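Each chain is listed here by its residues.
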Amino acid sequence: MAFSTNFKVLGTMTTTLLLLTAVKASIAIPSTGTTSLREEAHKKNITIGSGAINPTYLEDPVFAAVLAEQFNSLHPENEMKWSFINPSPGHYNWDPIDRLVDFANEHDMLVKGHGLISSCCNPDFVVNITNPEALRAAMTTHFEAIMHRYEGRIDRWDVVTEALKTMGGGLNANDFSRQLGSGYINEAFRIARAASPRAKLYINENQVEVLPGKRQELQDLVSGLVADGVPIDGVALQMHITEVAPVPGVITDMVRFYKALGLQVEIAEMDVHTLNKTLETQIYGAVIKEALEAGITDISFWGFTDKHAYTWVPGAKPLMFDENYKPKGAFYATHSALEDFVDEC
Ligand code: G3I
């Protein structure tokens, strides 16, 4: 396989929409020298997506072209978190998400909802609620407004993100648990299911692939939800990795566990925060390979270009394309994992 990163004229690209868009804008993007992730994923019925898509990034034609070429799913960064989309009662900022949904529609991509209940960004009118009934009513109004607007256009949702403390050791105290206790998770899923009966509903969590104690806590939490008849469809593993890669077999074990409960597992926000490029490439390849072999069919990253990376490790470049959209080793490792995967189910 040629790993040429020479620039090529867009007239050679296969996607008609991409060709038209690019020629119109007279842009050139770095060639990967190979098929797209999306093409490889399509052959195996895999959803391959990018989260952390701030709609303003779409103004960059190269960003938009690479996104549409490489991925068949997208989801927002912060734009669906409560204070961003619904900063005051009855006021909704629909434009950013409308823009993402329209872009996805134009490029035949799925859209995932992210941020119904998140670990940050609640507006004052929610934070200041002191009555459980009023908070339930606010959650219902908020979920219904958003899920009804995008019914049929957003197929899956992170209903509750980061319920557990980052390093494990119990539930995160948040604006919802303070009013409703641990039952806020149960209530959030029930409200979401009532608002959107056909969408897939996920609990989204970090670090469980590297922290055995937290892994057990999430398994206990989700088992309890299932036992209580809570309408949950799956577990979204964020998969924000640093120098510590998941021990081989852990992803497979988690998939087996949740499958036995009747749930799906997806990788929701993968990125690798290390200054060691070789390690970054190895981790991308190993995680995607194991995930595919374990039966995960929905894999998303927390962005794709280091131009717009969110990292807490100074100097880390966690994504598959560099700041100039040149594909990195992580891209080729991911591509090979997809290309080599043989679905034996
Ligand atoms: O919008 C305010 C702005 O008004 C203010 O002046 C500025 C000052 O700091 O902050 C702005 O808000 C920031 C927001 O991003 C938008 O830029 C917050 O401080 C900042 O904490 C927030 O960070 C986000 C983080 O979640 C916390 O919610 C990141 O952009 C976002 O990428 C990150 O995403 C999370 C996923 O939702 C869940 N999983 C982990 C992932 C991070 O790896």
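Structure: above.
Residues numbered from 1 in each chain as written. Predicted model: local features only at pLDDT ≥ 70, side-chain atom pairs only at ≥ 80, totals over all residues. Heavy atoms only, no water.

Chemist: Would you take a moment to explain the site of the ligand for this structure?
Modeler: The full set close to the ligand counts 13 residues, and Glu 77, Lys 81, His 114, Cys 120 and Glu 269 are the nearest of them. Interatomic distance of 2.8 Å between a side-chain N/O atom of His 114 and an oxygen atom of the ligand. Between the ligand and Glu 269 there is a distance of 2.6 Å, counted from a nitrogen atom to a side-chain nitrogen or oxygen. Starting from 790 Å² of accessible surface for the ligand in isolation, the protein chains cover 52%. (Near = heavy atom within 4 Å. Polar contact = N/O pair within 3.5 Å; in protein donor to acceptor, adjacent residues only side chain to side chain. Areas by Shrake-Rupley, 256 points an atom, 1.4 Å probe, with all protein chains shown as cover.)

Chemist: Help me out: how do you make sense of unusual backbone geometry in this one?
Modeler: Note: most residues except glycine have negative phi, and most peptide bonds are trans. Even without a glycine there, the phi angle at Glu 162 is positive, about 60 degrees. Among the structural elements, Glu 162 can be located in the loop between strand E6 (156-161) and helix H8 (177-180). Since its relative accessible area comes to 18%, Glu 162 is described here as buried. Positive phi is not limited to glycine here, since Tyr 325 has a value of about 70 degrees. When you line up the elements, Tyr 325 lands in the loop between strand E11 (298-301) and helix H13 (329-340). (Helix = DSSP H or I, 4+ residues; strand = E, 2+ residues; numbered from the N terminus. Buried < 20%, exposed > 50% of the residue type's maximum accessible area, 1.4 Å probe, protein only.)

Chemist: Would you mind showing me how to read the environment of Val 342 here?
Modeler: Within the fold, Val 342 resides in the segment after H13. For Val 342, a relative accessible area of 57% corresponds to the exposed category. Once the C-alpha coordinates of Val 342 and Leu 292 are considered, the two residues, 50 residues apart in sequence, prove to be 8.8 Å apart.

Chemist: Could you clarify how one ought to interpret the pairing of strand E8 (residues 234-237) in this entry?
Modeler: Two faces belong to every sheet, and in a regular strand the side chains alternate between them. Here E8 shows a buried face lined by Gly 234 and Ala 236 and a second buried face lined by Val 235 and Leu 237. The sheet contact formed by strand E7 (residues 200-205) and E8 spans 4 bridges and is parallel. Its bridge partner lying in E8, Tyr 202 is registered against Gly 234. Regarding the hand of the β-α-β motif, the stretch spanning E7, helix H10 (residues 212-227) and E8 is right-handed. Pairing geometry for E8 and strand E10 (residues 264-272), over 4 bridges, is parallel. (Pairing = 2+ DSSP bridges. Right-handed = clockwise from strand over helix to strand, strands pointing away.)

Chemist: Whenever I open this one, the packing of helix H7 (residues 132-149) against helix H9 (residues 183-195) confuses me. Can you help?
Modeler: For any two helices packed against each other, one specifies the crossing angle of their axes together with the interaxial distance. In contact at an axis separation of 9 Å, H7 and H9 are set at 40 degrees when each is read in the N-to-C sense. Regarding the angle of H7 to H9, the classification is oblique. Note that H7 runs across H9; the crossing there is right-handed. In this structure, H7 uses Arg 136, Met 139, Thr 140, Phe 143, Glu 144, Met 147 and His 148 to contact H9, whose residues at the interface are Tyr 184, Glu 187, Ala 188, Ile 191, Ala 192 and Ala 195. Looking at side-chain class alone, the contact of H7 with H9 contains 8 nonpolar, 2 polar and 3 charged residues. (Axes fitted to C-alpha atoms, helices over the stretch in contact; angles between N-to-C directions. Parallel < 35°, antiparallel > 145°, perpendicular 65-115°, else oblique. Left-handed = near helix turned anticlockwise from the far one by under 90°. Contact = heavy atoms within 4.5 Å. Nonpolar A, V, L, I, M, F, W, Y, C, P; charged D, E, K, R; others polar.)

Chemist: What's the story with the pattern of salt bridges in this structure? I'm lost.
Modeler: Pairs may arise between side chains of opposite charge once their charged atoms sit close together. Across all of its chains, the model carries 20 salt bridges by this definition. Across the salt bridge formed by Arg 136 and Glu 133, the nearest N and O atoms sit 2.6 Å from each other. Of this pair, Arg 136 and Glu 133 both sit in helix H7, 3 residues apart, roughly one helical turn. Under the relative-accessibility criterion, Arg 136 is labelled partly exposed at 25%. Of the charged contacts in the structure, one is a salt bridge between Arg 156 and Glu 266, with a shortest N-O distance of 3.9 Å. Here Glu 266 lies in strand E10 and Arg 156 lies in strand E6, a separation of 110 residues in the sequence. Note on accessibility: Arg 156 and Glu 266 belong to one class, buried. Each of Lys 112, Asp 155, Arg 156, Asp 158, Glu 266 and Asp 298 takes part in one network of salt bridges that share partners. (Salt bridge = Lys/Arg side-chain N within 4 Å of Asp/Glu carboxyl O.)

Chemist: When you look at the nonpolar core in this model, what are you seeing that I'm missing?
Modeler: Here is a general trend for soluble globular proteins: nonpolar side chains tend to be buried in one another's company. Grouped together as the largest cluster of nonpolar side chains are 103 residues, with contacts concentrated most on Leu 67, Trp 157, Val 159, Val 160, Ile 203 and Met 270. For this core, the element with the most residues is helix H12 (residues 277-294), which contributes 8 residues. Filtering out sequence-adjacent residues up to four positions away, Met 270 remains in contact with Gln 238, Met 239, Ile 241, Ile 283, Tyr 284, Val 287, Ile 288, Ser 300, Phe 301, Trp 302 and Leu 319. (Core = buried A, V, L, I, M, F, W, Y, C linked by side-chain atoms within 4.5 Å.)

Chemist: What am I meant to see in the pairing of strand E5 (residues 110-117) here?
Modeler: Of all 8 residues that make up E5, 7 are buried, and the element is covered over most of its length. Where strand E4 (residues 73-74) meets E5, 2 bridges bridge the pair, whose relative direction is parallel. In the sheet register, Ser 73 faces E5, and the bridge partner there is Leu 110. Where E5 meets E6, 4 bridges bridge the pair, whose relative direction is parallel. Looking at E6, one finds that Lys 112 is bridged to Arg 156.

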